[in-house]
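# A closer look at the structure
So you can see what is in the structure, the chains are spelled out below.
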Amino acid sequence: MVLSDETVKTAIDTAALTRRLRLLRRRSQVKALLLVAPLMLFLVSVFVLPIGVLLTRSVDNSDVSRALPTTAAALATWNGRDAPGEPLFAALAADLKASSREDVAEVAKRLNNYESGIRSSLLKTARNIRNAQAPFQAAFIDVDARWADLDRWSALKQAMPKVTDFYLLAALDLQRSEMGEITGVTPENAVHLDVLLRTFAVSLLVTILCVLTGYPLAALMARSKGWVANTLLILVLLPFWTSLLVRTSAWVVLLQSRGVVNSGLIWLGLIDAAQPLDLIYNRIGVLIAMTHILLPFMVLPIYSVMKSIPPVYLRAASSLGAPPFSTFWRVYLPMSMPGVSAGGLLVFILALGYYITPALVGGPRDQMVSYFIAYYANQVTNWGMAAALSAILLVAVLILYAIYNRLIGIDRLRIG
């Protein structure tokens, strides 16, 4: 079959046009990529990279083995059952003599996580062992008799791997035994799991309170017209223009024993002046303050969804004989649920990481996981525990996101 010149020319023109369109499409994609490149670079540098470093610190344990390389090599050949011999003491002595005081102090602080009291013992041993000569076993035991214990060297051996699950397990009140089995810590040391459960409980209660108080307010805003609707919207947005610290401090003034709330109740004769209500430095104060602060994040998503609900649906339900409650329950509430679910997800995630409000209006048993992250990061400089608690909090948020996507669908998320 012989093609005509016109057919061949048409095919060539079509192929050329296709190549040109493909080139133009590729150029437009490159231009779009260049336009978003600064934003992508910004997100990677200030969001993705710090989170990656944070997750790395939760399993990083290279400081000890890097500062005590000879000891790490000697412990690798020790079975953990025989009594520590002279080679172990000689290896540790060589590392302590070669290390600076700053390195020894850092290692001692890290080892104190594995055995309580080893920090002061190691620092004292490092000062005395620098001038000692072989054999070193007697010199170590003269400084501290616990150097003859298997538990001391087992703790050292446990601290030597460069990657460890010690901090992640400790964040869940777990530990590894000498046999490598995962067991629970002693009751007096079990604090982190209680803090995590408390964080989720407080966040859930705050979310429920925000739904119960925010839904009627959002419905009132959606049904209002003119200056009333504008005034209500301004009142909801007004907290965003005030500092979080100022709002929390205002609740301290309102809720204290001689504050505005108790003074008003005493003036009305509802409570005795000698027995004011205990509204602050406890769980009640935390719930009140956090609900007030997070309430706009619940109201706005619900309000945006309610504004998009056509009133004709409610009128149609009423014209078909449905009573007001049935109209609300079977028509209005299901149609507003995307806003409720979005607001609930937003409030719950924000509440998980709250630090300032519980610290100011809560008591010692009302502090949430963010308080302990700040404590480990700023006061005791235990970056491993701070990173482990942060990693668990991040995993909890991702699990919550997955559950939300599974049950409701992220495509139905309506924020505004």
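Our subject is the structure that appears above.
Residue positions are given per chain, counting from 1 as you read along its sequence in written order. Given that this is a predicted model, residues contribute local features only at a pLDDT of at least 70 and side-chain atom pairs are listed and counted only at 80 or more, while totals for whole chains, interfaces and linings are drawn from all residues. The side-chain figures draw on all heavy atoms in the structure; neither hydrogens nor water molecules are used.

Judged by side-chain charge, Arg-19, Arg-22, Arg-25 and Arg-26 come together as a positively charged surface patch. Numbering of helices and strands runs from the N terminus; a helix is a DSSP stretch of H or I covering at least four residues, while a strand is a stretch of E covering at least two. As for its placement among the helices and strands, Arg-19 is situated in helix H1 (residues 5–57). A patch is a set of surface residues, each over 30% in relative accessible area and not in a salt bridge, joined within 9 Å for like charges and within 5 Å for the nonpolar side chains Val, Leu, Ile, Met, Phe, Trp and Tyr. Here the Shrake-Rupley method, with its probe set to 1.4 Å, supplies the accessible areas, and only the displayed protein chains count as covering residues. What makes a salt bridge here is a side-chain nitrogen of Lys or Arg within 4 Å of a carboxyl oxygen of Asp or Glu, nothing more. His is not counted, nor are the chain ends, whereas Lys and Arg count as positive and Asp and Glu as negative. A charged residue contributes its charge at one atom only: NZ of Lys, CZ of Arg, CG of Asp or CD of Glu.

Tallying each qualifying case throughout the model produces 8 salt bridges. With a shortest N-O distance of 2.6 Å, Asp-63 and Arg-66 are connected by a salt bridge. Placement of the pair is Asp-63 and Arg-66 together in helix H2 (residues 62–67), with a separation of 3 residues, close to one helical turn. The salt bridge involving Arg-110 is made with Asp-63; its shortest N-O contact spans 2.9 Å. A residue pair is termed long-range when its members are at least 10 positions apart, and Arg-110 in helix H5 (residues 101–111) and Asp-63 in helix H2 qualify at 47 residues. Each of the salt bridges in this network shares a partner with another, and the network as a whole consists of Glu-115, Asp-144, Arg-146 and Arg-152.

A few words on the packing of helix H10 (residues 192–223) against helix H16 (residues 324–352). To get an axis, fit a line to the C-alpha atoms, keeping to the stretch in contact for a helix; angles then go from 0 to 180 degrees between the N-to-C directions. Packing of H10 against H16 leaves a shortest axis separation of 9 Å and a crossing angle of 135 degrees. On the basis of their axis angle, the class for H10 and H16 is oblique. You can see that H10 and H16 cross each other, and the crossing is right-handed. Contacts between H10 and H16 involve Thr-199, Phe-200, Ser-203, Leu-204, Val-206, Thr-207, Cys-210, Val-211, Tyr-215 and Ala-222 from the former and Phe-328, Tyr-332, Leu-333, Ser-336, Val-340, Gly-344, Val-347, Phe-348, Ala-351 and Leu-352 from the latter. In these notes the angle categories are as follows: under 35 degrees is roughly parallel, over 145 is roughly antiparallel, 65 to 115 is roughly perpendicular, and the rest is oblique. Each crossing gets its handedness from the near helix: less than a right angle anticlockwise from the far helix is left-handed, clockwise is right-handed. Throughout, a residue-residue contact means that at least one pair of heavy atoms, one from each residue, lies within 4.5 Å.

All right, on to helix H14 (residues 283–307) then. In an α-helix there are 3.6 residues to a turn, and that puts residues three or four apart on one side. When the terminal C-alpha atoms of H14 are compared, their 35 Å separation across 25 residues agrees well with the 36 Å that a helix rising 1.5 Å per residue should span. At every residue, the bend is computed as the angle between two fitted axes, covering the seven residues ending there and the seven beginning there respectively. Of all bends in H14, the biggest is about 45 degrees, found at Leu-294, and the proline Pro-296 comes one to four residues later. The buried fraction of H14 amounts to 18 of the 25 residues, a majority that puts the element mostly inside the structure. Side-chain atoms alone can form a polar contact between residues adjacent in sequence; in general such a contact is a pair of N or O atoms within 3.5 Å, and within protein one must be able to donate a hydrogen while the other accepts it. At the N-terminal boundary of H14, the capping side chain belongs to Asn-282, with an oxygen 3.3 Å from the backbone nitrogen of Ile-284. For a helix, the expected span equals 1.5 Å multiplied by the number of residues minus one. Type-normalised accessible area, obtained with a 1.4 Å probe on protein chains alone, sets the label of each residue: buried when under 20%, exposed when over 50%, and partly exposed for intermediate values.

What makes a nonpolar core is a set of buried Ala, Val, Leu, Ile, Met, Phe, Trp, Tyr and Cys residues whose side-chain atoms join them at distances within 4.5 Å. Formed by 51 residues in total, the largest nonpolar core has its most connected members in Leu-96, Phe-140 and Trp-153. Sequence-distant contacts of Phe-140, that is, excluding residues within four places in its chain, are made with Phe-89, Leu-92, Ala-93, Leu-96, Thr-125, Ile-129 and Trp-147. Within the second largest apolar cluster, 36 residues are counted, among which are Leu-279, Ala-289, Ile-293 and Val-361.

On to the packing of aromatic side chains, then. When two rings of Phe, Tyr or Trp (its six-membered ring) have centres within 6.5 Å they constitute a pair, described as stacked for plane angles under 30 degrees, edge-to-face for angles over 60, and tilted for the intermediate range. Counted under the stated rule, the structure contains 14 aromatic pairs. On the numbers, 5.3 Å between centres and 80 degrees between planes, the contact of Phe-166 with Tyr-167 is edge-to-face. Residue classification places Phe-166 among the buried residues on the basis of a relative accessible area of 16%. Taking the centre distance of 6.0 Å and the plane angle of 80 degrees together, the rings of Tyr-215 and Phe-328 count as edge-to-face. Note that Tyr-215 is positioned in helix H10 and Phe-328 in helix H16, a separation of 113 residues in sequence. Owing to a relative accessible area of 29%, Phe-328 belongs among the partly exposed residues under this scheme. An aromatic cluster is built from Phe-89, Phe-140, Trp-147 and Trp-153, whose rings are joined through pairwise contacts. In this analysis the charged atom, NZ for Lys or CZ for Arg, is taken to sit over a ring once it is within 6 Å of the ring centre and within 35 degrees of the ring normal. Over the aromatic face of Trp-147 sits the side chain of Arg-152, whose NZ or CZ is 4.6 Å from the ring centroid.

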